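Commentary on secondary and tertiary structure
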Amino acid sequence: MTDPLLTVDNLEVTFPGRTGVTRAVRNASFTLGRERLGVVGESGSGKTTMGRALLGLLPHSATVTAKTLSYAGRDLLACSERDWQQLRGRRMSMVMQDPKYSLNPVRTVGQQIGETCRLHLGSDRRDARRRTLAMLEAVQIRDPELVHDLHPHQLSGGMGQRVMIAMMLIAEPDLLIADEPTSALDVTVQNEVLRILDDLVRKRGMGLIMISHNLTMVSSFCDRVLIMYGGRIVEECAARDLGNARHPYTRALVAATPSLDVRRAELATVVRDPEWLA
Amino acid sequence: MSTTAGDAGTASDRRPGRLIGTILRRTLGFVLTLAVTFIGLTAVTFFISRLTNIDPVLAVVGDKATQAAYDQAFLALGLDQPLPMQYLIYLKRLVTGDFGMSVLTSRPVLTDLMRVFPATFELATIATIIGVLVGVPAGVLAAARKGRWPDHVIRVVGLFGYSVPVFWLGLVGLFVFYGKLGWVSGTGRLDVFFNGIVTTRTGVILIDSAIEGNWEIFGNAISHLILPASILGYFSLAYIARMTRSFMIDQLSQEYVTAARIKGNSYWGAVWRHAFPNIMVPLITVIGLSYASLLEGAVLTETVFAWPGLGLYITRALFNSDMNAVLGGTVLVGAVFITVNLVSDLLYKLFDPRLRST
């Protein structure tokens, strides 16, 4: 691995609350090259918060500190709002969970994808249209001309998520954070969307952070996996080594995964140890 | 409605024959809605007016008339007919533009309405423009800065607009800006010596004087209009800002606003280009209702500013049992509401693609 795309050292995200400070992300450290990194954890383990912190998009109440938080050698903690606007969409981007909520209902597909071109590539109307049609083709939409002028409510979930991917990748960022990109979709189209995403990420040699609670999916699509629990990264290992994980939480998660090969009357439950949070 | 791209915006929709059919069907529906609403409105107002304990004959002939004169007027008014028949006669007259004579002004009610409505229209329109131009941005700003000082300032100013009585604000406004500072003109629509110079075409002095190119009168009309319009506008502003704020707060928490920022939009870019277009439908409803209620005539404001508008006209007619004038005014107000609602309906479809094509 050469020069890392993203360096995170001792990232902390805290929210003030009535009963004191909530530490949503604690002491998270990892680096990311042009590879596919999975982040797995249960609801509330801080994976989405961490993803949003990397894009500088947490609510004002949140406090983000880190020893190092840099993107391609650039200190993200020192970024002004204007710097962020140039980074987001152009250098790093994010595919969100549910296209039903993450696409603007009153604007057409073409307007929404084209806007990214206009913001970052200085496209005029015609150039934006050309690029958008090409991008729609790249995410394997059969009739780009037609879809270009549709509104989000006229799209199916799988189509919507492909439009979302097109919108976030059209300015060719180097880093994509995919925050549970398939959990709102039908099982039948999940694989299709993942394949398209994977294909584009590989072809362009991008870094990918895949946030999910689906251990099987992450281990088959990613090179490396981070396991988060209670706001901290409890384990980091290669995807294929998940079976030999050391941390008891990871082992419990792997043990709880249903399998087609082994018939089991009852799946294992994760028995939590307060020690893990200490 | 289509749900997937495969059959979305089907080609048959775009065939010209279909399109003309659709337009025809919609126009017909529009006219039908209008007619039904209108019949309902006139029926209710007519029967209520006949059920009230006012003798329409006495209003015409006065209480010192002889029995013969009374009977003659009774027949002339068609009061010997059964009530449904009277309603039909009334409807027939309405269709031909005959609203009857006003007892109070001894002029046809239609002539009166055509004189007073433009005055109200002028005032209400300027007031609504002020309310929208100030209220909408204020509401958006308050929502975007929720819980911080711009929000608090806008809320306090809005609350003040809500709670202070308009006649008090009008009198204080006249005292300060007309009496003390002399920045604006006083009551009425024009200075006395400008009256009757401009030919009445629309009855809206701003438009009439602009047509003739008489900018002196135009300026004078504005200086008369600005204070009452600002005060009325302040009230609609307070309401519009408050509603805009709550609609925007709702939208700003949506995921697509975050998505817009991830694309590289600035915060305000996401607010105006993405969240704002999504509040257009409820916002149009609020603005439409506020505009319609101003078009009804603002009696208090019109009284304080001696503004010869619809509110004042209907109120006077009511006090004098001038039933033709009351009925005519009510029908006009109803027509205004129907029109505003229909225009809102059309605008909804313009702004929200989900409401188009069924």
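No experiment lies behind these values; they were computed from the predicted model shown.

Rules behind the numbers
- Residues numbered from 1 in each chain as written.
- Chains lettered and ligands numbered in written order.
- Predicted model: local features only at pLDDT ≥ 70, side-chain atom pairs only at ≥ 80, totals over all residues.
- Helix = DSSP H or I, 4+ residues; strand = E, 2+ residues; numbered from the N terminus.
- Rg over C-alpha atoms; globule rule 2.2 N^0.38 Å.
- Buried ≥ 20, exposed ≤ 12 C-beta atoms within 10 Å, placed from the backbone.
- pLDDT = per-residue confidence, 0-100.
- Contact = placed C-beta atoms within 7 Å.
- Core = buried A, V, L, I, M, F, W, Y, C linked by C-beta atoms within 7 Å.
- Domains from an automatic or database assignment.
- Nonpolar A, V, L, I, M, F, W, Y, C, P; charged D, E, K, R; others polar.
- Pairing = 2+ DSSP bridges.
- Right-handed = clockwise from strand over helix to strand, strands pointing away.
- Axes fitted to C-alpha atoms, helices over the stretch in contact; angles between N-to-C directions.
- Parallel < 35°, antiparallel > 145°, perpendicular 65-115°, else oblique.
- Left-handed = near helix turned anticlockwise from the far one by under 90°.
- Expected span 1.5 Å × (residues − 1).
- Arc of directions from axis to C-beta.

Let us look at the overall build of chain A. From N to C terminus, chain A includes 10 helices and 11 strands. Relative to the compact-globule value of 19 Å for 278 residues, chain A shows a C-alpha radius of gyration of 19 Å, a close match. For chain A, the spread of C-alpha atoms along the three principal axes comes to 60 × 50 × 40 Å. Scored against the burial criterion, the 278 residues of chain A give a buried share of 42%.

If you tally the helices and strands in chain B, you get 15 helices and zero strands. Principal-axis analysis of the C-alpha atoms gives chain B an extent of 85 × 65 × 40 Å. In chain B, buried positions account for 34% of the 358 residues.

Turning next to the confidence of the model for chain B. Residue and element names in this part refer to chain B. Scored by pLDDT, chain B has a mean of 86; 95% of the residues are at 70 or more. Mean pLDDT across the elements of chain B bottoms out in helix α2 (residues 56–61) (74) and peaks in helix α11 (residues 267–275) (95). Here residues 1–13 is modelled with pLDDT under 50, and outside its nearest four sequence neighbours on either side it reaches 21 contacts, counting other chains as well. The complex model carries a pTM of 0.84, and its ipTM stands at 0.90.

As a further point, take the nonpolar core. Within soluble globular proteins, side chains that are nonpolar generally end up buried alongside one another. Ranked by internal contacts, the top residues of the largest apolar core, which has 148 residues, are Ala 166, Leu 176 and Met 210 of chain A. Sequence-distant contacts of Leu 176 of chain A, defined by excluding residues within four places in its chain, comprise Ser 93, Val 95, Met 168, Leu 169, Val 201, Met 206 and Leu 208 of chain A.

This brings us to the domain arrangement of chain B. Residue and element names in this part refer to chain B. Segmentation of chain B into domains returns domain 1 (13–95) and domain 2 (110–355). A straight line from the C-alpha centre of domain 1 to that of domain 2 covers 30 Å. Opposite the 12 residues of domain 1 that make contact, domain 2 presents 10 residues. Counting residues per element, the ones that place at least two in the side of domain 1 that touches domain 2 are α1 (16–51) and α2. Element by element, the count of residues in the side of domain 1 that touches domain 2 is highest for α1, at eight residues. Among the residues forming the side of domain 1 that touches domain 2, the class breakdown is eight nonpolar, four polar and no charged.

On to the pairing of strand β9 (residues 207–212) of chain A, then. In summary, the side chains of a regular strand alternate between the two faces of the sheet. Residue and element names in this part refer to chain A. Across the six residues that make up β9, a large majority, six, are buried. Across the two faces of β9 the burial is the same, with Gly 207, Ile 209 and Ile 211 and Leu 208, Met 210 and Ser 212 all buried. Relative to β9, strand β3 (residues 36–41) is paired through five bridges, and the arrangement is parallel. Counted as the bridge partner of Gly 38 is Met 210 from β9. With five bridges joining them, strand β8 (residues 175–179) and β9 adopt parallel strand pairing. By the bridge assignment for β9, Ala 178 is matched with Met 210. Handedness of the β8-helix α8 (residues 187–204)-β9 crossover: right-handed.

The subject of this paragraph is the sheet that holds strand β7 (residues 92–95) of chain A. Residue and element names in this part refer to chain A. Sheet architecture is open: six strands sit in the order β7-β8-β9-β3-β10-β11, paired in mixed fashion. For this open sheet the edge positions go to β7 and β11 (232–238), each flanked by a neighbour on one side alone. Sheet twist, expressed as the mean angle between neighbouring strand axes with direction ignored, is 20 degrees. Bridging between strand β10 (residues 224–229) and β11 involves six bridges; their strand directions are antiparallel. By the bridge assignment, Tyr 229 is partnered in β11 with Arg 232.

With that out of the way, let us pick up the interface of chain B and chain A. On the side of chain A, 31 residues touch chain B, which itself brings 25 residues to the contact. In terms of residues, the side of chain B that touches chain A owes the most to one element, helix α10 (residues 255–262) of chain B, which gives seven residues. Of the residues that constitute the side of chain B that touches chain A, the class distribution is nine nonpolar, 11 polar and five charged.

This paragraph deals with the packing of helix α8 (residues 205–212) of chain B against helix α9 (residues 215–252) of chain B. Residue and element names in this part refer to chain B. Relative orientation of the contacting elements α8 and α9 amounts to 165 degrees, with a least axis distance of 8 Å. Here α9 runs roughly antiparallel to α8, going by the angle between their axes. For the pair α8 and α9, the crossing hand works out as left-handed. In this structure, α8 contributes Ile 205, Leu 206, Ser 209 and Ala 210 to the contact, and α9 contributes Ile 217, Phe 218 and Ala 221. Classifying every residue of the contact of α8 with α9 gives six nonpolar, one polar and no charged.

Residue and element names in this part refer to chain A. Where helix α7 (residues 157–169) contacts α8, the axes come no closer than 10 Å and their chain directions differ by 15 degrees. Between α7 and α8, the crossing angle belongs to the class labelled roughly parallel. With respect to the hand of their crossing, α7 and α8 are arranged in right-handed fashion. Contacts between α7 and α8 involve Gly 157, Gly 158, Gln 161, Arg 162, Ile 165 and Leu 169 from the first element and Val 189, Glu 192, Val 193, Ile 196, Leu 197 and Leu 200 from the second. Looking at the contact of α7 with α8 residue by residue, the classes come out as seven nonpolar, three polar and two charged.

Residues and elements named next belong to chain A. Non-glycine residue Ala 72 carries a positive phi angle of around 50 degrees. Relative to the helices and strands, Ala 72 is located in the loop between β5 (68–71) and β6 (74–75). Even without a glycine there, the phi angle at Glu 172 is positive, about 55 degrees. Relative to the helices and strands, Glu 172 is located in the loop between α7 and β8. Note on Glu 172: 13 C-beta atoms within 10 Å, which makes it partly exposed.

Every α-helical turn comprises 3.6 residues, leaving residues that sit three or four positions apart pointing alike. Residues and elements named next belong to chain A. The end-to-end C-alpha distance of α8 is 26 Å, a good match for the 26 Å that 18 residues give at a rise of 1.5 Å each. Those residues of α8 lying buried are Val 193, Leu 197 and Val 201. For α8, the buried positions fall inside an angular range of 70 degrees around the axis, keeping them on one side. Those residues of α8 that are exposed and aimed more than 90 degrees away from the buried face are Thr 188, Asn 191, Arg 195, Arg 202 and Lys 203. Residues of α8 that are buried sit in contact with β3, α7, β8 and β9. Just beyond α8, the residue with positive phi is Gly 205, at close to 60 degrees.

Quick look at the pairing of β7 of chain A now. Residue and element names in this part refer to chain A. Here β7 shows two buried faces, one formed by Met 92 and Met 94 and the other by Ser 93 and Val 95. Here β7 runs beside β8; their pairing, made up of four bridges, is parallel. Within the sheet, the bridge partner assigned to Val 95 lies in β8 and is Ala 178.

Time to look at the environment of Ala 128 of chain A. Residues and elements named next belong to chain A. Here Ala 128 lies in helix α5 (residues 125–138). Separated by 14 residues in sequence, Ala 128 and Gly 114 have C-alpha atoms that sit 4.9 Å apart. Excluding anything up to four places from it in sequence, Ala 128 contacts Gly 114, Cys 117, Arg 118 and Ser 123.

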